[in-house]
Amino acid sequence: MIKIENLEKIYRTEEVQTKALNNVSLAVKEGEFVAIMGPSGCGKSTLLNILGLLDEPDGGSFAFAGTEVAHAPERRRAELRKKHIGFVFQSFNLIEELTVAENVELPLIYLGVGATERKEKVAKVLEKMQIMHRRNHFPQQLSGGQQQRVAVARAVVNSPSLILADEPTGNLDSSNGNEVMELLTELNEAGTTIIMVTHSEHDARYAHRVIRLLDGQVVLEHAHV
Amino acid sequence: MLQHSLLLIYRNFKRFKTTFFINLVGLSVGLAGALTIYLWVHDEWSFDRYHATTGRLFQVLENQRTAEGINTKYGTAPLLAEALAEEMPEIKYAAAATPPKFFPKFLLVAKEKIVRADAKFAGKDFFHIFSYNLLQGDASQVLANKTAVVLSQEMAAALFGTAANAVGKTVEWQMGMADLKQTCIVTGVFGPIPANSTEQFDFVLSFDAFKDIMKMGESMNWAEDGPFNTFVVLHEGAEEAQFRTKISGLLQRKLTTNKERALLVQPYADKYLHGEYTNGVPSGGRIEYVQLFSAIAVFILVIACINFMNLATAKASRRLKEIGVKKTLGAGRFSLVAQYLAESVLMSFIALLIALALVELLLPQFNAITGKQLALAFKPHLVLSALGITLITGLLAGSYPAFYLSGLRPVEVLKGRLAGSVADLWTRKGLVVFQFMLSVLFIVCVWVVQRQIAFVQSKDLGYDRNGIVYFEAAGNAAQQPKTFLAELKRLPGVVNASGMWGSFVATNASGVPMEWQGRKIPVNHLGVNYDMLETLGITLKEGRNFSPQFRTDSVQIIVNEAFVASLGLQNPVGQLLENRRIVGVAKDFHYESLHEKVKPFIFRLEPLAAGTILVRLAPGREQETIGRLQRFYSAFNPGQTLTYHFLDEDYQAQYAAERRVGVLAQYFAGLAILISCLGLFGLTAFTAERRRKEIGIRKVLGASEFSIVYLLSSDLTKLVGVAILLALPVSYVVVKRWLESFEYRIALEAWYFLGAGLVAVSVAWLTIGAQAWKASRANPTLSLRDE
Ligand SMILES: Nc1ncnc2c1ncn2[C@@H]1O[C@H](COP(=O)(O)OP(=O)(O)OP(=O)(O)O)[C@@H](O)[C@H]1O
Ligand SMILES: [Mg+2]
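Residues numbered from 1 in each chain as written. Chains lettered and ligands numbered in written order. Predicted model: local features only at pLDDT ≥ 70, side-chain atom pairs only at ≥ 80, totals over all residues. Heavy atoms only, no water.

Considerations on the sheet that holds strand 5 (residues 67-68) of chain A
Then comes step 1: The 4 strands lie next to each other as 2-1-4-5 (chain A), forming an open sheet whose pairing is antiparallel. Every interior strand has two partners, whereas the edge strands, strand 2 (17-28) and strand 5 of chain A, have only one. (Pairing = 2+ DSSP bridges. Helix = DSSP H or I, 4+ residues; strand = E, 2+ residues; numbered from the N terminus.)

In structure tokens form, the structure reads like this:
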């Protein structure tokens with residue numbers, strides 16, 4: 001489903017140039033659960049952002065579901081994002097002015113789904129994430145674990161084929177973290193491809209495969225047994 | 001502290017170049033506008049205020065009860081001044097004087113020199129009452145004598161080569177139109193009269209001499225009023241209130257019949273700004289323009305300040321963490337407030353420097369529009385006001401961000417939460433609405449004023465003002481009008497010519513009452529020579545024009561339609577009124593400005609009338625004809641040169657004030673829109689800033705750029721819409737009131753208002769849209785990174 005070759009990303013600021021990604025190549029098949037690990041600053045988030053079509057690489061190629069998208073125009077990338085990709089962040093990134101249900105509804109609005117169908121889908125996914133009783137709360141009124149469940153709900157509400165998670169458990173204690181990992185595993189078993197950035201060996205064990213980055217390069221790739 | 005602030009300003013500049021630039025532009029333009037208006041207002045306010053007697057110096061006015069209400073006149077009876085000085089012990093000095101522009105220019109003749117000059121006849125203590133800088137002569141003595149003349153330095157120099165020892169020399173004055181002249185001895189010389197003086201004259205003669213000339217001595221009585229100005233100065237410590245009561249009863253005691261008149265006084269320094277009276281009480285005047293422009297200055301500054309606040313708040317959301325950390329480290333609220341205020345005050349002083357440069361650059365233009373001679377001089381009042389205005393601006397601009405941000409609780413700040421209370425939101429919304437209301441109002445005003453001026457230009461006046469030159473006749477031309485006019489008419493390029501007493505445009509002659517069958521109406525008179533109506537291009541409705549072929553038993557007159565209507569005359573032609581025979585009825589024509597209704601008017605045939613000569617020139621070769629005219633005039637009048645004017649210039653001069661307001665409104669409209677758009681720019685920036693993360697999240701979820709632009713701009717667009725809706729009725733009332741000062745005016749049309757709204761919306765939307773589009777294009781990963 002994803003195939004990148006010789007991907008490069010360079011950040012230029014006034015004083016320094018940082019090569020955040022250097023010749024990264026990798027392929028992810030449909031239905032896979034991949035973990036990306038590596039020390040802080042090695043380029044994990046950068047890679048994930050490019051995979052999620054949020055950012056453009058400076059070099060190399062990127063095929064998403066068979067089509068080249070490395071330098072696709074913003075409109076096309078927005079199109080692909082809302083149809084195929086769900087995001088989960090370490091800091092949840094919920095919109096504070098919107099309620100739980102409204103946050104979850106948002107991707108459906110952008111997809112142009114009708115109001116009644118939106119209601120159904122939101123209810124279903126909130127049910128599944130066991131957060132239905134908090135549907136009319138605002139994000140600030142929820143615990144971290146609950147917020148992350150809402151974020152996951154929002155990521156999966158339009159049944160994307162790919163979920164990108166950047167340290168989804170980073171801000172959670174171990175029991176809440178495990179809960180989120182269970183959720184991701186369930187989704188994966190139902191067929192969703194998952195790519196997750198993590199610092200935790202424990203979490204990485206949920207994945208089929210681990211890719212290790214160092215200084216913008218892939219240094220090790222191994223499957224979990 | 002200063003160093004710290006400078007450093008912060010410098011860093012902020014580097015970090016937020018656009019914001020810094022907007023702030024600087026907004027504040028500098030605002031300050032420049034405010035300073036310019038301050039200069040203007042101060043100049044207006046200083047009019048007639050420089051006399052040492054200010055506070056005790058009054059002008060006496062007269063209220064007359066008429067059928068339409070109380071009419072207040074600056075003109076008073078000639079014997080009033082002396083009576084006041086005699087009868088009221090609290091009065092130190094009193095003097096009568098002829099009002100400004102009472103006469104056409106006189107000729108002053110000394111040896112071989114002849115100059116034209118503005119004359120004023122004034123009572124003995126004139127130079128005690130007013131502080132016109134007397135360079136030579138003694139204030140008590142200069143006008144003590146009937147043959148005295150006090151010259152301006154300029155006139156003295158023109159007559160004698162130097163003003164140095166003019167005193168004692170002989171000068172003859174001549175009143176051009178009537179064959180009046182007198183030889184006088186120079187008793188004093190005064191320096192230039194300041195520009196901020198309502199009175200401007202070139203020499204002063206004794207009022208007693210004037211009384212002799214007019215033979216007023218014997219016939220004067222209290223039953224008649226007069227056109228003369230009366231000025232009084234009270235003794236120090238005199239009770240003003242008591243004086244006012246006393247003087248208001250004076251005429252009651254003097255008059256035996258017709259007691260419908262009463263005297264009142266006005267502080268002389270108030271005359272310029274508060275020159276209008278309605279129904280006997282002061283009702284404003286130029287002060288309204290002063291208030292209007294002061295309000296505009298304050299508005300502009302406040303708008304600029306609030307723009308600054310918005311941008312500072314927008315920027316601050318990026319500095320929140322820093323504030324939180326500082327507070328956690330124990331920085332007190334005071335030090336944070338001080339830091340912000342210092343920053344904004346410094347900023348406004350930097351803006352002041354730019355503003356001063358702007359003012360210096362724009363003052364010549366402003367002076368040209370307002371007809372003033374304002375200058376940025378190093379005067380204490382100006383320096384203090386500039387510093388004061390700047391300081392207040394800085395504090396005002398910094399106050400909101402300072403107290404708002406420093407008042408946040410550290411926990412919230414550290415969480416990066418800048419929710420913004422309802423009140424804050426309303427403050428900002430209110431501001432946008434206010435700004436755009438003003439902008440729309442200005443645009444409507446500009447539009448309507450322009451339309452009305454165009455209307456004034458194109459209106460058929462009932463006479464043809466183009467192609468007519470006029471001049472004041474003197475010497476032979478005045479003394480032999482028949483020959484002079486006959487020869488004049490024969491000049492090639494001269495279509496027609498005639499003479500009159502006085503002037504045609506804006507004859508501010510208050511009507512002389514005329515009676516017919518018990519009806520009494522005020523009528524404006526003009527004594528004219530043959531061919532005057534033909535020269536002016538006034539058409540007759542019935543009857544005939546003046547002509548030497550017809551002789552009548554009495555004075556021939558031609559009246560206008562308004563006259564016929566007011567008196568209700570049937571078959572006017574041939575009627576005899578107070579020994580005057582109506583020979584024709586002229587169609588109504590606008591001899592006054594279009595502010596006034598056409599009032600009853602009489603042309604009186606006077607075959608000797610030659611005070612002012614009007615000449616209609618053949619179109620296409622005016623300059624050539626004028627050259628010929630000048631040669632002819634000098635040949636007819638040896639030693640004299642012709643000074644001529646175009647009638648159209650007089651016509652245009654009637655609307656000078658309106659044209660000024662029109663042009664200034666244009667500038668201020670531009671300014672208001674510029675600053676308002678800066679405000680919108682700032683607000684959009686603020687919204688985009690505050691919602692940066694939200695925009696990022698929405699984009700991650702697949703929001704299109706268009707939907708982000710909509711998200712950011714819909715609120716502000718709505719506000720601008722509300723502003724326009726609110727502005728329309730306000731501007732309707734304002735322009736309607738302004739138009740009502742014209743008796744003849746344009747009709748208000750809907751598209752003046754809709755057009756103005758459209759302009760405001762378009763400009764606003766371009767500003768918002770551009771900003772929103774930029775925000776919608778930002779890379780979402782950047783906004784989601786920094787947490
Ligand atoms: N917008 C940017 N501008 C400049 N440099 C950047 C930018 N974003 C990332 N970098 C740099 O690129 C490198 C990779 O950053 P990235 O965020 O991908 O690291 P990471 O592996 O996700 O680290 P962490 O585990 O701490 O989240 C870092 O050195 C970072 O400083
Ligand atoms: Mg990261």
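And the narrative resumes.
Overview of the pairing of strand 10 (residues 180-190) of chain B
Each regular strand displays side chains that alternate between the two surfaces of the sheet.
Residues and elements named next belong to chain B.
Then comes step 1: Judged from the 2 bridges that link them, strand 7 (residues 134-136) and strand 10 form a sheet pairing that is antiparallel. By the bridge assignment, Leu-134 is partnered in strand 10 with Phe-190.
Then comes step 2: As paired elements, strand 8 (residues 148-152) and strand 10 share 5 bridges and run parallel to each other. Residue pairing for strand 10: Ala-148 is matched across the bridge by Ile-185.
Then comes step 3: Here 6 bridges tie strand 9 (residues 170-175) to strand 10, and the two strands are oriented antiparallel to one another. Bridging from a neighbouring strand, Trp-173 pairs with Gln-182 of strand 10.

Comments concerning the pattern of salt bridges
Then comes step 1: For the structure shown, the criterion picks out 37 salt bridges over all chains.
Then comes step 2: Among the ionic pairs, Asp212(B) bridges to Lys146(B), the shortest N-O distance being 2.8 Å. In this pair, Asp212(B) is assigned in helix 6 (residues 207-213) and Lys146(B) in the loop between strand 7 and strand 8, connecting sequence segments 66 residues apart.
Then comes step 3: Relative accessible area serves as the criterion here: at 37%, Lys146(B) is assigned to the partly exposed category.
Then comes step 4: Two residues, Lys599(B) and Glu592(B), come together in a salt bridge whose shortest N-O distance is 2.9 Å.
Then comes step 5: It is possible to trace a salt-bridge network through shared partners that takes in Glu56(A), Glu74(A), Arg77(A), Arg81(A) and Lys699(B). (Salt bridge = Lys/Arg side-chain N within 4 Å of Asp/Glu carboxyl O. Buried < 20%, exposed > 50% of the residue type's maximum accessible area, 1.4 Å probe, protein only.)

Remarks on the environment of Glu79(A)
Residue and element names in this part refer to chain A.
Then comes step 1: Structurally, Glu-79 is set in helix 2 (residues 74-84).
Then comes step 2: Taking the relative accessible area as the measure of exposure, Glu-79 reaches 30% and is therefore partly exposed.
Then comes step 3: When the C-alpha atoms of Glu-79 and Leu-111 are compared, they prove to be 8.6 Å apart, with 32 residues separating the residues in sequence.
Then comes step 4: Of note is the side chain of Glu-79, whose polar atom sits 3.1 Å from the side chain of Lys-83. (Polar contact = N/O pair within 3.5 Å; in protein donor to acceptor, adjacent residues only side chain to side chain.)

Some thoughts on the site of ligand 1
Then comes step 1: For ligand 1, the set of nearby residues contains 14 residues, the closest of which are Ser40(A), Gly41(A), Lys44(A), Ser45(A) and Thr46(A).
Then comes step 2: Around ligand 1 the close residues trace back to chains A and B.
Then comes step 3: A distance of 3.2 Å separates an oxygen atom of ligand 1 from a polar atom in the backbone of Cys42(A).
Then comes step 4: One of the backbone N or O atoms of Gly43(A) is found 3.0 Å from an oxygen atom in ligand 1.
Then comes step 5: Expressed as a share of its isolated accessible area of 630 Å², the protein-covered part of ligand 1 is 74%.
Then comes step 6: Looking at the shell around ligand 1, the elements with two or more residues in it are strand 2 and helix 1 (44-51) of chain A together with helix 25 (780-785) of chain B.
Then comes step 7: A per-element tally of the shell around ligand 1 places helix 1 of chain A first, with 3 residues.
Then comes step 8: Counted by class, the shell around ligand 1 contains 4 nonpolar, 7 polar and 3 charged residues. (Near = heavy atom within 4 Å. Areas by Shrake-Rupley, 256 points an atom, 1.4 Å probe, with all protein chains shown as cover. Nonpolar A, V, L, I, M, F, W, Y, C, P; charged D, E, K, R; others polar.)

Quick look at the sheet that holds strand 8 (residues 193-197) of chain A
All names here are of chain A.
Then comes step 1: Strand order in the open sheet formed by 6 strands is 6-7-8-3-9-10, with mixed pairing between adjacent strands. Because the sheet does not close on itself, it has two edges, and the strands there are strand 6 (85-89) and strand 10 (217-223). Averaged over all neighbouring strand pairs, the angle between strand axes comes to 15°, with direction disregarded.
Then comes step 2: Sheet analysis places strand 7 (residues 162-166) next to strand 8, joined by 5 bridges and oriented parallel. (Axes fitted to C-alpha atoms, helices over the stretch in contact; angles between N-to-C directions.)

Brief notes about a nonpolar patch on the surface
Residue and element names in this part refer to chain A.
Then comes step 1: Residues Leu-214, Val-219 and Leu-220 make up a contiguous nonpolar surface patch of roughly 270 Å² in combined accessible area.
Then comes step 2: Following the sequence through the fold, Leu-214 ends up in strand 9 (residues 209-214).
Then comes step 3: Overall, the relative accessible area of 47% leaves Leu-214 in the partly exposed class. (Patch = residues over 30% accessible without salt bridge, like charges linked within 9 Å, V, L, I, M, F, W, Y side chains within 5 Å.)

Observations concerning the interface of chain A and chain B
Then comes step 1: Tallying the contact residues gives 21 residues for chain A and 17 residues for chain B.
Then comes step 2: Counting each side, the surface lost to burial between chain A and chain B is near 1800 Å², with a carbon and sulfur contribution of 58%.
Then comes step 3: Between the two partners, chain A and chain B, sit 1 salt bridge.
Then comes step 4: For Glu74(A), the salt bridge identified is with Lys699(B), shortest N-O distance 3.9 Å.
Then comes step 5: Seen at the junction of chain A and chain B, the total is 4 residue pairs in polar contact (both at pLDDT 80 or more).
Then comes step 6: Among the secondary structure elements, those contributing two or more residues to the side of chain A that touches chain B are helix 2, strand 6 and helix 3 (100-111) of chain A.
Then comes step 7: Per element, the largest residue contribution to the side of chain A that touches chain B is 4 residues, and it comes from helix 2 of chain A. (Contact = heavy atoms within 4.5 Å. Buried area = accessible area lost by both parts, 1.4 Å probe.)

Functional significance is not addressed by these values, which are geometric in nature.
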